[in-house]
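Okay, here's what each chain looks like letter by letter:
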Amino acid sequence: MQTTLLAQQFVPLMFIALFVLLLTGFPVAFGLAATGLALGFVGIEAGIFPAAMFQALPLRIFGIMQNDTLLAIPFFTFMGIILERSGMAEDLLETVGQVFGPVRGGVAIAVILVGALLAATTGVVAAAVISMGLISLPVMLRYGYNRTIATGAITASGTLAQAIPPSLVLIVLADQLGRSVGDMYSGALIPGLLLVGLYIAFIVAVAIFKPDMVPALPPEALLFKEDNGSSGHKSLLALVVVCTGVGFAWAQVHNQLLTRWLERSIPAAGDEIVILSLTLASLTGLALAILNRVTKMGLLSKLAEQVTFVLMPPLILIFLVLGTIFLGVATPTEGGAMGALGALILATGKRRLSLALLKQALENTAKLASFVLFILIGSTVFSFTFNAADGHIWVEHLFDKIPGGAWGFLLVVNVLVFILGCFIDFFEIAFIVIPLLAPVAEKILPGLVPGMTPDQAMIWFGVIIAMNLQTSFLTPPFGFALFYLRSVAAKFDYKDRVTGKLIPSVKTSEIYKGSIAFIVLQLIMVVAVIAFPVLVTGGIEKVDNLSADQIMQQLDMPKAEEAADPTAGMAGATKDDALPVPPADAPKEDDPMKAMLEANEKDAKKKP
């Protein structure tokens, strides 16, 4: 009786034990492993599990270590640390701020754009928020920006690292959902860019209706002026027009050239065309700026040259990494390796790569990679025991009675992830919660939208989770991005070094208030992704599952009439030359390959 009761309540007991262990301050990775092992042995002693249950666990652990996809995490981390520590954030903020500074809200727009660039390079929320908090917040306070707008723009743009490729969150989610990282990148690209556009539209609206909240930089704050006193924006605009024309021209011929070069039978995806067109446009701008400087023709202004030399190299690196992944030329791991090498080259070109910087980047990368792997190993041990106790069925039954079916499931999951995101890091959520929800999502989501394949449904689900996690990083009082900004914002009144004015300290309440408007914008984007799945699935290629007969046809197996006449297709042959035909009453031999394919097809249909 006691054993039966223990078996019935085993899964809830696992969650309670894990929750109590984590409350004691025990590290998450070791808490997961300890819970899985301890309760697994309890189940064995109670007769719930077979004695040999844990014999398969070492193979699971070795499988994690042999997962090539996870290699992308240290590569992209190393790339981001090298670019950040080599002063890229400072250069970008200063240069982009000079471009947009003369207009109202220009510095806030610069912060959002640089946040998007840092998201695509560093991929770490803390690095982006701290960098922009140290550099741009004093500038915004110096020239009279509204404090809630200033702090909100910094924290919100820092969280873009969760959703813009090549994001570490998307790599981990793709691995846990069992889907392609390249597809996850393609799915997240448009929603991420739309969110950046939504942020900028909000700042523009504030500049129109409340201009005093986002003043323009005064003329004396502009650094890259021409000898005649002009700002140099006209030259920059002309360069942008030329580069845009080159990119647009390439977009018109991309499909024709790449299809012939790669010998593809399907047209190029839209995200692939966009990324490669942007790459070619950036390369054109950099080449023109180098030519102008070498020949000393003076066709470009100081501002145009500064923007090109600061902005184009990291942009080209990002576009090359994403472009090779979208083209299928490189895997995400290979793209990450190329990005790491490119970051080293850029840092060397700026003469900022030192042995101390390299050592620091390697140490931080090793720490983060070890942190991720230990959590993954711990979650694997936990899920091993959890699945042995039919925990996935228990979780599925939790969602059986939810009103609204699949839509109700999406709502509950988003609320759960949103709340958890306020308390724990996204790695823990990805490795603990997502494996529990993925089987249920894979069962009920494909039928939610007509024409959506299972792969597209899971990519859609992953992007929704990523956008939701991004929202939770801003939510008071536990949003991580808020604490990152609080750690670098002025805690006491200080005298500004440029204007000499006394600047009041930044209050925590001002940081909290600044996040509210951007939380609303992020929630709007989450709702838009749920309501319009095509934003995610539009760039993902549909892969149809072939039947056994279709596979046999593609393998050019002989047709029935050709099998009856072995001389078919043989020049000059007659039926007398054929091999001996067995008697009609002889037992008919089965085709082993076709039988195997049909069996696999039946098994696939049985799966939930």
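Scroll up to find the structure this text is about.
Residues numbered from 1 in each chain as written. Predicted model: local features only at pLDDT ≥ 70, side-chain atom pairs only at ≥ 80, totals over all residues. Heavy atoms only, no water.

What follows is about the overall build of the protein. Scanning the protein for helices and strands turns up 26 helices and two strands. Within the protein, buried positions represent 48% of all 608 residues. Put simply, of all contacts in the protein between residues at least 6 apart along the chain, 77% involve residues at least 24 apart. On the protein, roughly 29800 Å² of surface is accessible, and the fraction owed to carbon and sulfur atoms is 66%. (Helix = DSSP H or I, 4+ residues; strand = E, 2+ residues; numbered from the N terminus. Buried < 20%, exposed > 50% of the residue type's maximum accessible area, 1.4 Å probe, protein only. Contact = heavy atoms within 4.5 Å. Areas by Shrake-Rupley, 256 points an atom, 1.4 Å probe, with all protein chains shown as cover.)

Bringing helix α10 (residues 168-177) into the picture now. Among the 10 residues that make up α10, nine are buried, leaving the element largely enclosed by the rest of the structure. Buried within α10 are the following residues: L168, V169, L170, I171, V172, L173, A174, Q176 and L177. Here the buried face of α10 lies against α5 (72-85), α11 (181-209), α16 (355-388), α19 (426-444) and α20 (454-472). Looking one or two residues past α10, G178 carries a phi angle of roughly 70 degrees, positive in sign.

Evaluated as defined, the whole model comprises six salt bridges. The residue E442 makes a salt bridge to R179 at a minimum N-O spacing of 2.9 Å. Pair noted here: E442 is in helix α19 and R179 is in the loop between α10 and α11, with a separation of 263 residues, a long-range link. Take E442: its relative accessible area is 34%, and that puts it in the partly exposed class. Linked by salt bridges that have partners in common, D91, K350 and R352 make up one network. (Salt bridge = Lys/Arg side-chain N within 4 Å of Asp/Glu carboxyl O.)

Here we take up α5. Over its 14 residues, α5 extends 20 Å from the first C-alpha to the last, a length consistent with the 20 Å expected when each residue adds 1.5 Å. Burial within α5 is extensive, with 11 of its 14 residues counted as buried. Of all the residues in α5, the buried ones are A72, I73, F76, T77, F78, M79, G80, I81, I82, L83 and E84. Phi turns positive one or two residues past the end of α5, at G87, with a value near 90 degrees. (Expected span 1.5 Å × (residues − 1).)

This part covers the side chain of T471. If you trace the backbone, T471 turns up in helix α20. Of note is the side chain of T471, whose polar atom sits 3.1 Å from the backbone oxygen of M467. Filtering out sequence-adjacent residues up to four positions away, T471 remains in contact with F418, I519, Q522, L523 and V526. (Polar contact = N/O pair within 3.5 Å; in protein donor to acceptor, adjacent residues only side chain to side chain.)

Another point: a nonpolar patch on the surface. A contiguous nonpolar patch, built from L411, V415, I419, F423, I424, F478 and F483 and spanning about 650 Å² of accessible area, is present on the exposed surface. The element contributing the most residues to the nonpolar patch is helix α18 (residues 406-421), with three residues. Given a relative accessible area of 38%, F478 falls into the partly exposed group. (Patch = residues over 30% accessible without salt bridge, like charges linked within 9 Å, V, L, I, M, F, W, Y side chains within 5 Å.)

Turning our eyes to something else, we now look at unusual backbone geometry. Residues apart from glycine generally show negative phi values, whereas peptide bonds are mostly found in trans. One non-glycine residue, R351, lies in the positive phi region at around 60 degrees. One can find R351 in the loop between α15 (332-349) and α16. Taking relative accessible area as the criterion, R351 reaches 82% and is therefore assigned exposed.

Bringing the packing of aromatic side chains into the picture now. Here the structure, examined in full by the defined rule, presents 10 aromatic pairs. Aromatic pair Y199 and F518: ring centres 5.3 Å apart, planes at 80 degrees, arrangement edge-to-face. With Y199 in helix α11 and F518 in helix α22 (residues 508-531), the pair connects residues that are 319 residues apart, well separated along the chain. There is no split in this pair, since Y199 and F518 are both buried. (Phe/Tyr/Trp six-rings, centres within 6.5 Å; stacked < 30°, edge-to-face > 60°.)

Attention now goes to the nonpolar core. Nonpolar side chains tend toward joint burial in soluble globular proteins. Y185, W460 and F461 are the most contacted members of the largest nonpolar core, which totals 175 residues. At 15 residues, the largest contribution of residues to this core is made by helix α14 (residues 302-327). (Core = buried A, V, L, I, M, F, W, Y, C linked by side-chain atoms within 4.5 Å.)

Where α5 meets α10, the closest approach of the two axes is 10 Å, and the angle between their N-to-C directions is 175 degrees. One way to sum up the angle between α5 and α10 is to call them roughly antiparallel. In this structure, α5 contributes A72, I73, F76 and T77 to the contact, and α10 contributes L168, I171 and V172. For the contact of α5 with α10, the class distribution of residues is six nonpolar, one polar and no charged. (Axes fitted to C-alpha atoms, helices over the stretch in contact; angles between N-to-C directions. Parallel < 35°, antiparallel > 145°, perpendicular 65-115°, else oblique. Nonpolar A, V, L, I, M, F, W, Y, C, P; charged D, E, K, R; others polar.)

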